[in-house]
Amino acid sequence: SSGINAEYGETKHPQWVNFKDDLKSVEKARRVSDDQLSKQLRGMKKSLGNLKKELEFHKTPENLDDQFGTRMSAFLEVANDQYSKLETAYQSMGKYVTELITYYGEDPKKTNIEDFFSDIITFCNDFETARAENTKIKEAKKREEKQKEMKEMEKKKKKKKK
């Protein structure tokens, strides 16, 4: 049935046949673990919270050379801003992935991102395999037809000689 789908795509919608070219990032996306991303974000948030607590103890420097509180406060401000951007991007990614999984008829509560993208990759590979098989079949049929024509021509030549 993959061969039939590939053949249909090639004949009826040739503009879609190379759709795999538009999905170059799928292989990388498949390696993204939502659980790992979530875990890393929680770890960052916890670390930033720990730094904030540590800075409470360093509000007043112990001596004039102690720059820890000043420098780390500036770092914390930038880091919190960056973390907020990451968290927003992660939430947006989750929303888009849910919409994408739903669009393809899967249940986002039952389908994780890794499995979804693995299925897309499997489909792309199967489609390409089917296209290659269809090409081989077409070439074999052409060879058979040429051989048949050659035999017919030989028969005609032999009849003419008689």
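Just above, that's the structure.
What counts and how
Residues numbered from 1 in each chain as written. Predicted model: local features only at pLDDT ≥ 70, side-chain atom pairs only at ≥ 80, totals over all residues. Heavy atoms only, no water. Patch = residues over 30% accessible without salt bridge, like charges linked within 9 Å, V, L, I, M, F, W, Y side chains within 5 Å. Areas by Shrake-Rupley, 256 points an atom, 1.4 Å probe, with all protein chains shown as cover. Salt bridge = Lys/Arg side-chain N within 4 Å of Asp/Glu carboxyl O. Helix = DSSP H or I, 4+ residues; strand = E, 2+ residues; numbered from the N terminus. Buried < 20%, exposed > 50% of the residue type's maximum accessible area, 1.4 Å probe, protein only. Expected span 1.5 Å × (residues − 1). Contact = heavy atoms within 4.5 Å. Polar contact = N/O pair within 3.5 Å; in protein donor to acceptor, adjacent residues only side chain to side chain.

A. Inspection of a nonpolar patch on the surface at higher detail. Judged by side-chain polarity, Leu100, Tyr103 and Tyr104 come together as a nonpolar surface patch covering roughly 360 Å² of accessible area. Within the element layout of this structure, leucine 100 appears in helix 4 (residues 68-103). Given the relative accessible area of 31%, leucine 100 is considered partly exposed.

B. Region of the structure containing helix 4. Taking 1.5 Å per residue as the helical rise, helix 4 with its 36 residues ought to reach 52 Å, and the 51 Å between its terminal C-alpha atoms agrees with that figure. Turning to helix 4, its buried residues are Gly69, Leu76, Ala79, Tyr83, Val97 and Ile101. Buried-residue contacts for helix 4 involve helix 3 (34-57) and helix 5 (113-161). Backbone geometry just after helix 4 places glycine 105 at a positive phi near 80°.

C. Summary view of helix 5. A rise of 1.5 Å per residue sets the reference length of helix 5, with its 49 residues, at 72 Å; its end C-alpha atoms lie 72 Å apart and thus fit the reference within 8%. Ile113, Phe116, Phe117, Ile120, Ile121, Cys124, Phe127, Ala130 and Asn134 are the residues of helix 5 that are buried. Two to three positions downstream of the cap, the backbone nitrogen of glutamate 114 sits 3.1 Å from a side-chain oxygen, assigning the N-cap of helix 5 to asparagine 112.

D. Representation of the environment of glutamate 114 in the model. Here glutamate 114 shows up in helix 5. With 85 residues separating them along the chain, glutamate 114 and alanine 29 place their C-alpha atoms 7.6 Å apart. Each residue touching glutamate 114, except ones within four places of it in the same chain, is listed here: Arg30, Val32, Ser33 and Asp34. Separated by 3.2 Å, the side chains of glutamate 114 and serine 33 make a polar contact.

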